[in-house]
Amino acid sequence: MKKTFALILGAVLCLMAPTAAGTDPLISRSYLEGEFIQSLDAALNARLDASDQTIRSGVEQREPGLPDAVTGGGELMLKEGDILTCRTGMTVTPLGGEVSLSRGTLVDVTEGAEISGSQILRPDHRYITAESADFTVSSPAAVLLCEGGGTLDLSQTPDYFAISRALKSLNLFRGSGSGFGEGFDLHLAPTRGEGLVMFLRILGEEEAALAFTGSHPFTDVPSWLDRYVAWAYAKGYANGVSAGRFGGSQSISAVEYVEFLLRALGYSVAGVNDYTSSLERALTGGILTKGEYTALKSGQFLRAHVAYVSYYALDVPVSGENRTLAQRLTAAGVMTAEQLSTAREQAGTLRIE
């Protein structure tokens, strides 16, 4: 707008210049510098605002099934199979997860190199599209910062970000505090400490754990995890990985976390040290579908999967009780029925069958 305005103003000022014969200009300088410039600036801004509104309306009213428009870019929270198509000159920076160049040519500004062919983009590297390009998400969840224009073709895979938001609204899942992707860090592997916290939340015992004044024998527990570990140790829910070490920063596997879920649902008991059959027991008990079992058995276990299996565990009947896990948590005051209903609408995703 500034460039256009300058050109218009320059042309108008020519009308102000005295003629060769020294006659007066056609328009007075005071008029141009005052009322005329103000009215012109207001008119240009109004036209630009109207144009922006037209774009927004087009995005908001797009037909179902069509690719989602990406007009101004920003931080995109994507899922596996989503395809971002970018025009020439668009800038992208992968912040988390795996995003692959599936078509086109890029310039890696950070590295100073040209990229083409099918390649996974390097995290925190800034890329500029040298020609129209497609980016495909190849991990369960990814965060991509983009600047420019393009279109987003959404896949039918689970939306782990939507599930995480739903769980957060129920006070069952929170971010790790990172500055992108709403802090969920779904592309990272979960730790034993994070798994324990989720387990206690699903049991409805987080408040009791935080208020607990007992101790534990471990020397490697950070302050944020201390009360959870003390409570779990006192209740016999979890032991350390060795004498004096809880191992809260170590990764937790799908087998170990599903064992936590089985205990929360009453299908296993504390003290069981053989976790190797937890996925099979969860499949047999209807806690996991065949597709979920296969995915957890073969792929890397991520925070995205923690959110996913925890969310669908809410619908599982608790062993020995005539109610689901969600109903038990509602009765315990962890959530309300209205919050649960809203969360289900927010998640809006299908299970892996």
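Notes on the structure in this doc start here. The shown structure was predicted, so the numbers you read here are calculated from the model rather than taken from an experiment.

1. A closer look at the sheet that holds strand S2 (residues 74–79)
What links the strands of a sheet is backbone hydrogen bonding, and the strands pair in either a parallel or an antiparallel sense.
Part 1 of the reasoning: With antiparallel pairing, six strands are arranged side by side in an open sheet as S2-S11-S4-S9-S6-S7. Unpaired on one side and paired on the other, S2 and strand S7 (113–116) mark the two borders of the sheet. The sheet shows a mean angle of 30 degrees between the axes of neighbouring strands, taken without regard to direction.

2. Let's talk about the packing of helix H4 (residues 192–203) against helix H6 (residues 223–235)
Part 1 of the reasoning: With their axes 10 Å apart at the nearest point, H4 and H6 run at an angle of 60 degrees to one another. The angle between H4 and H6 places the two elements in the oblique class. When you trace H4 past H6, the crossing you get is left-handed. Mapping the contact onto sequence places Gly-193, Glu-194, Leu-196, Val-197, Leu-200 and Arg-201 in H4 and Trp-224, Leu-225, Tyr-228, Val-229, Trp-231 and Ala-232 in H6.

3. Let's talk about the nonpolar core
Generally speaking, nonpolar side chains in soluble globular proteins are found buried as a group.
Part 1 of the reasoning: Judged by nonpolar contacts, the single largest core of 66 residues is most densely connected at Leu-196, Leu-200, Tyr-257 and Leu-314.
Part 2 of the reasoning: The greatest single-element share of this core, amounting to eight residues, is contributed by helix H10 (residues 303–313).
Part 3 of the reasoning: When neighbours within four sequence positions are excluded, Tyr-257 is seen to be in contact with Gly-195, Met-198, Ile-202, Ile-252, Phe-301, Val-306, Val-309 and Ser-310.
Part 4 of the reasoning: By size, the runner-up hydrophobic cluster in this structure holds 19 residues, among which are Leu-76, Leu-78, Val-99 and Ala-142.

4. Focus on the environment of Val-197
Part 1 of the reasoning: Locating Val-197 in the fold gives a position in helix H4.
Part 2 of the reasoning: Classification of Val-197 by relative accessible area gives buried; the value is 5%.
Part 3 of the reasoning: Between the C-alpha atom of Val-197 and that of Leu-225, which follows or precedes it by 28 residues, the distance is 8.0 Å.
Part 4 of the reasoning: Dropping the residues within four chain positions of it, Val-197 is found in contact with Trp-224, Leu-225 and Tyr-228.

5. Regarding helix H3 (residues 160–169)
Part 1 of the reasoning: Counting buried positions along H3 yields seven of 10 residues, so the element is predominantly enclosed.
Part 2 of the reasoning: Next to the buried residues of H3 lie S2, strand S11 (141–147), H10 and helix H12 (337–347).
Part 3 of the reasoning: Between the side-chain oxygen at the start of H3 and the backbone nitrogen of Phe-161 there is a gap of 3.2 Å, and the oxygen is on Asp-159.
Part 4 of the reasoning: Positive backbone phi, approximately 65 degrees, marks Asn-171, located one or two places after H3.

6. Observations concerning the pairing of strand S3 (residues 83–86)
For a regular strand, the rule is simple: side chains alternate between the two faces of the sheet.
Part 1 of the reasoning: Side-chain alternation along S3 places Leu-84 and Cys-86 on a buried face and Ile-83 and Thr-85 on a face that remains uncovered.
Part 2 of the reasoning: Of the pairings in the sheet, the one linking S3 to strand S10 (residues 133–137) comprises four bridges and is antiparallel in character. Its bridge partner being in S10, Thr-85 is matched across the sheet by Asp-134.
Part 3 of the reasoning: Direction of pairing for S3 relative to strand S12 (residues 150–153): antiparallel, over a ladder of four bridges.

7. Describing the pairing of strand S6 (residues 105–108)
Part 1 of the reasoning: With four bridges connecting them, S6 and S7 associate as antiparallel partners. Bridge assignment links Thr-105 to a residue of S7, and that residue is Ser-116.
Part 2 of the reasoning: Hairpin connection of S6 to S7: four residues between the antiparallel strands, including Gly-112 at a positive phi of 75 degrees.

8. Focus: H4
Part 1 of the reasoning: Helix length check: H4 (12 residues) gives 16 Å between terminal C-alpha atoms against 16 Å at 1.5 Å per residue, within 8%.
Part 2 of the reasoning: Within H4, 11 of the 12 residues are buried, which leaves the element mostly enclosed by the surrounding structure.
Part 3 of the reasoning: Every buried residue of H4 is listed here: Arg-192, Gly-193, Gly-195, Leu-196, Val-197, Met-198, Phe-199, Leu-200, Arg-201, Ile-202 and Leu-203.
Part 4 of the reasoning: Its buried side turned inward, H4 meets helix H5 (206–211), H6, helix H7 (254–264), H10 and helix H11 (325–331).

9. Description of empty space enclosed by the protein
Part 1 of the reasoning: Tallied over the entire structure, the rule returns two cavities of 30 Å³ or more.
Part 2 of the reasoning: Taken as a whole, the largest cavity holds about 40 Å³ of empty space.
Part 3 of the reasoning: Considering the residues around the largest cavity, the lining is formed by Ala-141, Ala-142, Val-143, Phe-161, Phe-180, Gly-181, Phe-184, Asp-185, Leu-186 and His-187.
Part 4 of the reasoning: If one sorts the elements of the lining of the largest cavity by residue count, S11 sits on top with three residues.
Part 5 of the reasoning: In the lining of the largest cavity, the residues fall into seven nonpolar, two polar and one charged.

About the criteria used
- Residues numbered from 1 in each chain as written.
- Predicted model: local features only at pLDDT ≥ 70, side-chain atom pairs only at ≥ 80, totals over all residues.
- Heavy atoms only, no water.
- Pairing = 2+ DSSP bridges.
- Helix = DSSP H or I, 4+ residues; strand = E, 2+ residues; numbered from the N terminus.
- Axes fitted to C-alpha atoms, helices over the stretch in contact; angles between N-to-C directions.
- Parallel < 35°, antiparallel > 145°, perpendicular 65-115°, else oblique.
- Left-handed = near helix turned anticlockwise from the far one by under 90°.
- Contact = heavy atoms within 4.5 Å.
- Core = buried A, V, L, I, M, F, W, Y, C linked by side-chain atoms within 4.5 Å.
- Buried < 20%, exposed > 50% of the residue type's maximum accessible area, 1.4 Å probe, protein only.
- Polar contact = N/O pair within 3.5 Å; in protein donor to acceptor, adjacent residues only side chain to side chain.
- Expected span 1.5 Å × (residues − 1).
- 1 Å grid on protein atoms, 1.4 Å probe; cavity = no way out; pocket = protein on both sides within 12 Å on 5 of 7 lines; lining within 4 Å.
- Points joined across faces, edges and corners; volume = space filled by probe spheres on them.
- Nonpolar A, V, L, I, M, F, W, Y, C, P; charged D, E, K, R; others polar.

Just distances and angles here, no functional claims.
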